[in-house]
Amino acid sequence: MGRVFNFGAGPSMMPLPVLEQAQRELLDYKGSGMSMLEISHRNKLFEEVNDQAQEHIKRLLGMDDSWVVMFMGGGASLQFSMVPMNFLTPGKVAAYAITSTFSEKAIKEAHKVGDAVEIYSSKATGLDRVPRPEELVLPDNCAYLHLTGNCTAEGLEYFEYPDTGDVPLIVDMSSDILSRPIDLERFSLIYNGAQKNIGPAGVTVVMARKDFLKGRDPQLPTMLNYETYADHDSTYNTPPVFGIYLVDLMSQWLLDQGGLEKVEQNNIAKARKVYDLLDTYPDFYRGHARKDSRSLMNVTFNLPTGDLEKKFVEEAGVHGLVGLKGHRSLGGIRASIYNAMPAEGVQALVDYMEEFYRKNR
Ligand SMILES: *Cc1c(COP(=O)(O)O)cnc(C)c1O
């Protein structure tokens, strides 16, 4: 069939069984004679998909009915604006930790809305680590703390979140959502563009505590108010129907894997393989992230020269390993090894890296 191992950061690989099911159902969804691409969002068949996708995500993360799962458009980038528009009320200050180009984009939008402060930044050292909880000191009157849970471009990830007490914690988990269990207690709102870990481009998944969403400013534009989505089951207007259907299939696939404990074990084993190799040849494969912040999802590294990096990416393509070029802000190499990347893909990458080292050291 000629499929490659796609290490791209997003949109990214999806599991073959999910794609095959979508293919089987494409022309005639459950005997309706219609494709999910054609079905109305008011059709019972879509309502079932919508409910089921929410149910699957809640089950995977252990969310009870105090949580709501919402589907939107606009990507994670729209959340950069929606979060302050909804929660950065006058007289309050929003706190941001800068660990990624995506955190910088997020605070930029907050500045347009109200008072936002950078309470931590690893920019001086090239965005190479995330803070330990005790490094995050919140300002008075803090509206919320915003963190970039997995820094997709830089290859960093939080493994310990701070206990912010009464201050809501809002996290951009675009690239590590559903990759491992999380301690829900800590969070008020979690958002992610689905195209990294749990679906295709075009759908954004937002999970929030219902009581946190209550009481938004009624003057907010309707489509930028979280309550609109929570109150209308994400169908106030036409939602990204086909994207939600694929999120449903993908979350079912994660449940079939044995849930997030199992998924996490697989992800740890995959990431370890690549990081072990970086640590074996540290002068050649120069890891970007500090060891305590290494992401399980995106492994970032440089080679001794730009020419070697170019050659690395080109020759990898010949081996059926694609999408390895680093984020444009950072250069170098990035291997994204999300949930859908099979262990064989990682093994093929590691074998290629061994061979490339031997030929080019
Ligand atoms: C990809 C990504 C974004 C941007 O997502 P879009 O859906 O393209 O808007 C934001 N934050 C993180 C952490 C990401 O990985």
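Structural data are supplied above this passage.
As a starting point, this report considers the structure included with it. (Residues numbered from 1 in each chain as written. Predicted model: local features only at pLDDT ≥ 70, side-chain atom pairs only at ≥ 80, totals over all residues. Heavy atoms only, no water.)

**Brief notes about the pattern of salt bridges**
Then step 1. Inspection of every chain in the model, using the stated rule, returns 12 salt bridges.
Then step 2. A salt bridge links Glu134 to Arg132; the shortest N-O distance between them is 3.2 Å.
Then step 3. Residue Arg132 is classed as partly exposed on the basis of its relative accessible area, which comes to 40%.
Then step 4. The closest approach of N and O atoms between Glu157 and Arg180, which form a salt bridge, is 3.0 Å. Of this pair, Glu157 sits in strand β7 (residues 156–157) while Arg180 sits in the loop between β8 (169–172) and β9 (189–193); the two residues are 23 residues apart in sequence, bridging distant segments of the chain.
Then step 5. Residues joined by salt bridges that share partners form a network here, namely Arg129, Arg132, Glu134 and Glu135. (Salt bridge = Lys/Arg side-chain N within 4 Å of Asp/Glu carboxyl O. Buried < 20%, exposed > 50% of the residue type's maximum accessible area, 1.4 Å probe, protein only. Helix = DSSP H or I, 4+ residues; strand = E, 2+ residues; numbered from the N terminus.)

**Considerations on helix α8 (residues 260–280)**
Then step 1. When the terminal C-alpha atoms of α8 are compared, their 30 Å separation across 21 residues agrees well with the 30 Å that a helix rising 1.5 Å per residue should span.
Then step 2. The elements touched by buried residues of α8 are α2 (44–61), α7 (241–256), β11 (286–287), β12 (298–302) and α10 (343–360). (Expected span 1.5 Å × (residues − 1). Contact = heavy atoms within 4.5 Å.)

**Thoughts on the site of the ligand**
Then step 1. In the vicinity of the ligand, 13 residues are found, and the nearest of them are Ser77, Thr152, Asp172, Gln195 and Lys196.
Then step 2. Here an oxygen atom of the ligand and a side-chain polar atom of Gln195 are 2.9 Å apart.
Then step 3. Considering the ligand on its own, with 380 Å² of exposed area, one finds that the protein chains cover 85% of that surface.
Then step 4. A class-by-class count of the residues in the shell around the ligand yields three nonpolar, eight polar and two charged. (Near = heavy atom within 4 Å. Polar contact = N/O pair within 3.5 Å; in protein donor to acceptor, adjacent residues only side chain to side chain. Areas by Shrake-Rupley, 256 points an atom, 1.4 Å probe, with all protein chains shown as cover. Nonpolar A, V, L, I, M, F, W, Y, C, P; charged D, E, K, R; others polar.)

**Structural notes on the nonpolar core**
Then step 1. In terms of nonpolar packing, the biggest core is built from 92 residues, with Met207, Tyr285 and Phe312 touching the most fellow members.
Then step 2. Broken down by element, this core gets its largest block of residues, 10 residues, from α7.
Then step 3. Leave out the neighbours within four places in its chain, and Phe312 touches Tyr285, Phe301, Leu303, Leu324, Ile333, Tyr352, Met353 and Phe356.
Then step 4. Core analysis: the next-biggest nonpolar cluster, separate from the first, contains 29 residues, Tyr96, Ile98, Phe102 and Ala208 among them. (Core = buried A, V, L, I, M, F, W, Y, C linked by side-chain atoms within 4.5 Å.)

**Notes on empty space enclosed by the protein**
Then step 1. Under the counting rule described, the total for this entry stands at four cavities of 30 Å³ or more.
Then step 2. The computed volume of the largest cavity comes to approximately 50 Å³.
Then step 3. Taken together, Ala153, His288, Thr300, Phe301, Asn302, Gly326, His327, Leu330, Gly331, Gly332, Ile333 and Arg334 make up the full set of residues lining the largest cavity.
Then step 4. Residue assignment for the lining of the largest cavity shows that the elements contributing at least two residues are β12 and β14 (333–336).
Then step 5. With three residues, β12 is the single largest residue contributor to the lining of the largest cavity.
Then step 6. Here the residues of the lining of the largest cavity are counted per class, giving four nonpolar, seven polar and one charged. (1 Å grid on protein atoms, 1.4 Å probe; cavity = no way out; pocket = protein on both sides within 12 Å on 5 of 7 lines; lining within 4 Å. Points joined across faces, edges and corners; volume = space filled by probe spheres on them.)

**A word on the sheet that holds β14**
Then step 1. One open sheet accounts for three strands, arranged β11-β12-β14; its pairing is antiparallel. Either end of the sheet is taken by a strand with one partner, and the two such strands are β11 and β14.
Then step 2. Sheet topology note: the β11/β12 ladder contains two bridges and is antiparallel. Paired with Arg286 across the bridge in β12 is Asn302. (Pairing = 2+ DSSP bridges.)

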